[in-house]
Amino acid sequence: MTTMSRTPRRRRHLLGAVAAVGLVVSGLAALGIFAVRDARAAETALTRARTAIQDASGAVSAGDLDAALSRVASARADAEMASGLLTRQPLSVMQVMPFVGSTARKAVALADTAARSARTGEALLQAALDSGAGLTTLALDLDSSGWLDQLASLQSPLADALAEFRDIRDAFGQAPEQTRVARIDQAGDQLLAELEQIIGTIEAGVDLAGVLPILFGQDGTQRYFVGAQNPAEQRPLGGIMGAYGFLTAINGRASLSQFISVGTLPGDLLDADTAPSEEFLNRYGTAYLGRGSWSNVNSSPHFPSVANVIEAFAPEAVGQGIDGVIVVDPFAIQTFLRVTGPVETEIGTLRADTVIEQVIRDAPEQFDSQGERRAAVGIAAETVLEAFLTSDAAPRARFDALAEVVGDGHLLMHHANPDVQESLGRLGVAGELLPPEPGNFAAIAFNTSESHVDYFTHQELDLELFLNPDGSATGTMAITIVNDAPTGGVPSYFIGPNVDGDNRFRVGDAVSLISLYCGPCNYTGVRSPDALELGRWYDNELGHRIANTVERAPAGDQVTVVHDFELVNLWDASGAEGSVSPTLWYQPTINPTSYSLTVHAPLGWALEAEDGVRTASTTIDGVLSRTASFDLRLVRSS
């Protein structure tokens, strides 16, 4: 009886619990209806905001800041609407609920970040409009007499925007990293990537706004040595420096002198006082002897070291000090001609589609002496650079052209003021050698045949890395020079032989000092034909270990030198995942340099591609303009 009497009570408790759960579920269902409605409206508003931001970016590129400001204002309004929808009842309740709370909080963070970003962009665009010249002052708007004053008015808004965007990025970094909705996580990753891109762009703007007034003489005359390089005769920075001139900047205006052959400059100036370091003097001292000093002044691939030497040479060589050094090559001239259109010079009408052939192959034949021939690139540089700086082309077109030549290493700049130089380094115009870190490789060729045979050559780099489970690696780098030079029908100054008294040089030979910089590696061997029997030797520069050989590639043939090496700490093997990030660097060349990178995973590991496919090894091929960086993911094998 007792047992039977307890059964109805248990049944009543159970029914009551079911009823309570039913009420809760019904309430949540109603809440969900409103939540879904508001969430969808918020998503629609954020989509409109993103479209408006994209429109604004296009308007900025076109120079229409009024349109850009209008579109950013629309984006801000839509993002604020989305934020309001996501933070009101009933959606705000979801932020503290289990399972769905992280998703709700991240959605709110996305909307808030979009709204703050739009407000910050609005303020910056308004400041640019109030300056009177917009953002064109960052593009060297030399036609405007007051462009430096206009630039000064942008310095504070740019700095404020940079600080705000950094704070926005850091705040968004506090949002949940992973939620239960893949679309929100993907949107978050994309937003974070775009914020980093915006921050990088504004950082460049801050640096430009800070250094351009100094570079263009707001506080006093600035004078720069401008060297013209010719990659038909390779040097580590790009090509032989055959001619030079001066760029003088005073209160925002710039003028160029006539370019003349470096053969007029005194040589044999490198010593312990003019060399940037004892290490530099030991490695390059013999290259600067006698009249060869200026032809070989860019023997180092590290432009700041080369510029320091030129700045130290200047008082004796040109009779006064200089404030900095600029070097350009024919590819920079080609890019500038795309902005200016054809330019008349004393070596003919230069056009973007033919200037490389005109300046390197045709123009030298107009002159009798080697010095005058080397000045041909300088004549082109002088005339085209002057036309570029005074062009009535859109400032944005000039800005894009400068960004292109700087990014590909065809225009480099150094300033004697360390603070200005630091900014130039951040802007990517300083021409610095890769830092001496494991996995950084720089392959350098130095023409020793005194000819322009590199007009006909191209290089191939083949890097193979064998990773070990302890984080070390062994590897090989094969550097091949392919020489397609003819043995006739071309002037002898162009294809040689031009080395007097040395019968080892033949017509069309490409003879090069080949150096491999490998950071802190240990070389275990170098294999090559060594046809000139000069052997192999090793030295150092700026933390890099360097292997050197002199090799000959006969006309119609090729030569390969293979370096074997070890790296102690190439990758981190301590966790369940890892990565290896090699970087290849090469000097600008007439013809493209191709590369092939092969990486072998260590025992117990696999290389994982973006699509999740795992392999024991992978090979990546491509063409190298200046640098190629890779980031390969490693996972432990199951």
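What you see is a predicted model; the values in this text were computed from it and never measured. (Residues numbered from 1 in each chain as written. Predicted model: local features only at pLDDT ≥ 70, side-chain atom pairs only at ≥ 80, totals over all residues. Heavy atoms only, no water.)

Describing the state of the cysteines
Then, number 1: Counting across every chain of the model gives one disulfide.
Then, number 2: Paired by a disulfide, C518 and C521 hold their sulfur atoms 1.6 Å apart. Measuring handedness by torsion sign, the sulfur bridge of C518 and C521 sits at about -60° and is left-handed. Comparing C518 with C521 shows no difference in burial state: the two are buried. (Disulfide = S-S within 2.5 Å. Buried < 20%, exposed > 50% of the residue type's maximum accessible area, 1.4 Å probe, protein only.)

A word on the confidence of the model for the protein
Then, number 1: Taken as a whole, the protein shows an average pLDDT of 86; of its residues, 90% reach a score of 70 or greater.
Then, number 2: With pLDDT under 50 throughout, residues 1–34 is counted as low confidence; its partners more than four residues away or in other chains account for three contacts. (pLDDT = per-residue confidence, 0-100. Contact = heavy atoms within 4.5 Å.)

A few points about helix α12 (residues 395–407)
Then, number 1: Helix length check: α12 (13 residues) gives 18 Å between terminal C-alpha atoms against 18 Å at 1.5 Å per residue, within 8%.
Then, number 2: Taken as a whole, α12 has its buried residues at P395, R398, A401, V405 and V406. Around the axis of α12, the buried residues are gathered within 130° of arc, so they sit on the same side.
Then, number 3: Packing partners of the buried residues in α12 comprise α9 (330–340), α11 (370–389), β8 (411–415) and α13 (418–427).
Then, number 4: One or two positions beyond α12, positive phi appears at G409, with a value near 80°. (Helix = DSSP H or I, 4+ residues; strand = E, 2+ residues; numbered from the N terminus. Expected span 1.5 Å × (residues − 1). Arc of directions from axis to C-beta.)

Describing the pattern of salt bridges
For side chains of opposite charge, pairing can occur when their charged atoms come near one another.
Then, number 1: Enumeration over the complete set of coordinates arrives at 25 salt bridges.
Then, number 2: Between R76 and E122 there is a salt bridge, with the nearest N and O atoms lying 2.9 Å from each other. Here R76 is found in helix α2 (residues 65–87), whereas its partner E122 is found in helix α3 (residues 101–130), with 46 residues between them in sequence.
Then, number 3: We classify R76 as partly exposed; its relative accessible area is 23%. (Salt bridge = Lys/Arg side-chain N within 4 Å of Asp/Glu carboxyl O.)

Side note on the side chain of T120
Then, number 1: With respect to the element layout, T120 can be found in helix α3.
Then, number 2: Under the relative-accessibility criterion, T120 is labelled buried at 9%.

Things to note about the sheet that holds strand β18 (residues 583–586)
Then, number 1: Read across the sheet, six strands follow the order β14-β15-β12-β9-β18-β23 without closing on themselves; strand pairing throughout is mixed. Taken across any chain shown, the strands that pair with only one partner, and hence form the sheet edges, are β14 (536–541) and β23 (627–629). In this sheet, adjacent strand axes meet at a mean angle of 20° when their direction is disregarded.
Then, number 2: Bridge count for strand β9 (residues 440–447) against strand β12 (residues 510–517) is six bridges, and the pairing is antiparallel. Across the sheet, the residue bridging to N447 is S512, located in β12. (Pairing = 2+ DSSP bridges. Axes fitted to C-alpha atoms, helices over the stretch in contact; angles between N-to-C directions.)

Structural notes on the packing of helix α4 (residues 147–172) against helix α5 (residues 182–215)
Then, number 1: Two elements in contact, α4 and α5, have axes separated by 8 Å at closest approach and are oriented at 150°. Considering their axes alone, α4 and α5 lie roughly antiparallel with respect to each other. As α4 runs across α5, the sense of the crossing is left-handed.
Then, number 2: The class makeup of the residues in the contact of α4 with α5 is 21 nonpolar, four polar and four charged. (Parallel < 35°, antiparallel > 145°, perpendicular 65-115°, else oblique. Left-handed = near helix turned anticlockwise from the far one by under 90°. Nonpolar A, V, L, I, M, F, W, Y, C, P; charged D, E, K, R; others polar.)

Focus: the nonpolar core
Then, number 1: Within the largest apolar cluster, 141 residues are counted, with the highest numbers of intra-cluster contacts made by L215, F336, F441, L465, L467, M477 and F565.
Then, number 2: Residues M241, Y288, I310 and L433 belong to the second largest nonpolar core, which totals 35 residues. (Core = buried A, V, L, I, M, F, W, Y, C linked by side-chain atoms within 4.5 Å.)

Some words on the packing of aromatic side chains
Then, number 1: Taken as a whole, this structure holds 15 aromatic pairs when the rule is applied.
Then, number 2: Judged by centre distance (5.7 Å) and plane angle (85°), the rings of Y244 and F246 are edge-to-face. Side by side, Y244 and F246 carry an identical accessibility label, which is buried.
Then, number 3: Measuring from centroid to centroid gives 5.1 Å for Y455 and F456, while their planes differ by 85°, and the two rings are edge-to-face.
Then, number 4: Take Y455: its relative accessible area is 16%, and that puts it in the buried class.
Then, number 5: Judged by relative accessible area, which is 17%, F456 ranks as buried. (Phe/Tyr/Trp six-rings, centres within 6.5 Å; stacked < 30°, edge-to-face > 60°.)

Considering the side chain of N548
Then, number 1: With respect to the element layout, N548 can be found in strand β15 (residues 544–553).
Then, number 2: A polar contact is formed between the side chain of N548 and the side chain of R283, at a distance of 3.3 Å.
Then, number 3: Only 3.3 Å separates the side chain of N548 from the side chain of D539, close enough to count as a polar contact. (Polar contact = N/O pair within 3.5 Å; in protein donor to acceptor, adjacent residues only side chain to side chain.)

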